[in-house]
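The residues making up each chain are set out below.
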Amino acid sequence: MDNTLNNVTIEQFKSYFTRDFFFLPVYEADKSYKLGAVVYDDENEIFYKSKISKNRETLDNTDAWEEIEDDTLNYITDDDIRKAMTQAKVNGKAFGETCNEAVNIYLHLVAYYLVVDLKNSSQGVNSTYLGMVNSKSVGSVSESYAIPQWLQNNPLYSMYGQNGYGLKYLSLIAPYLACTIMFSRGGSTCG
């Protein structure tokens, strides 16, 4: 099943996490765009905004598209996802009893690494690992939650507490980390 992870695509990741991340909206000629939709022409490295609804016009049609200022760094690119996928594969173990379960778990691990990379890139050389937050408050609103002690004390698993995707990954692999020991009564033929 470990080979299953080698077949996971960037498009699968985008489809699974469609509401979670702002992916670079690369222009597709055969797609219809709504009024105000922003697209990126990766060939010319230009962003455009749709001036009409149900827009199927080519980007050179100035009645349908206007060039706008934007930056690819404001979006998740395929290269960002590819980088996170290579990091997630380093774990080398596919958890799950079926291929679909293994892919689901792996996608959460990819999302974890993607978020870590984004945080690191935004902080540069000042990026640090602060550990897991047990509680936080802003003004009169506070939030707290308990992190299991076994997770806090484990140097390998505690790093996944950096973001929600890592915690979700841990919750998905927890059943595979549990070790079941069975005892059975035995007898002796000795007198």
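Above this note sits the structure.
Computed from a predicted model, the values in this text were never measured in an experiment.

Rules of the game
Residues numbered from 1 in each chain as written. Predicted model: local features only at pLDDT ≥ 70, side-chain atom pairs only at ≥ 80, totals over all residues. Heavy atoms only, no water. Helix = DSSP H or I, 4+ residues; strand = E, 2+ residues; numbered from the N terminus. Polar contact = N/O pair within 3.5 Å; in protein donor to acceptor, adjacent residues only side chain to side chain. Contact = heavy atoms within 4.5 Å. Phe/Tyr/Trp six-rings, centres within 6.5 Å; stacked < 30°, edge-to-face > 60°. Buried < 20%, exposed > 50% of the residue type's maximum accessible area, 1.4 Å probe, protein only.

1. Overview of unusual backbone geometry
- Positioned with a positive phi, Glu 45 is a non-glycine residue whose angle comes to about 55°.
- Within the fold, Glu 45 resides in the loop between strand E1 (38-41) and strand E2 (46-50).
- For Lys 54, which is not a glycine, the phi torsion comes out positive at approximately 50°.
- In this fold, Lys 54 is placed in the loop between E2 and strand E3 (65-68).

2. Considerations on the side chain of Ser 50
- Along the chain, Ser 50 turns up in strand E2.
- A distance of 3.4 Å separates a polar atom in the side chain of Ser 50 from the backbone oxygen of Lys 34.
- When sequence neighbours within four positions are dropped, the list of residues in contact with Ser 50 reads Tyr 33, Lys 34, Leu 35, Gly 36, Ala 37, Asn 55, Ala 64 and Trp 65.

3. Considering the packing of aromatic side chains
- Counted under the stated rule, the structure contains 17 aromatic pairs.
- Arranged with centres 6.0 Å apart and planes meeting at 90°, the rings of Tyr 27 and Trp 65 form a pair that is edge-to-face. Of the two residues, Tyr 27 is situated in the loop between helix H1 (10-16) and E1 and Trp 65 in strand E3; the sequence distance between them amounts to 38 residues.
- For Trp 65, a relative accessible area of 3% puts it in the buried group.
- Ring geometry for Tyr 160 and Tyr 169: centres 5.2 Å apart, planes at 55°, overall tilted.
- These aromatic residues form a ring-pair network of at least three members: Phe 13, Tyr 16, Phe 17, Phe 21, Phe 23 and Tyr 165.

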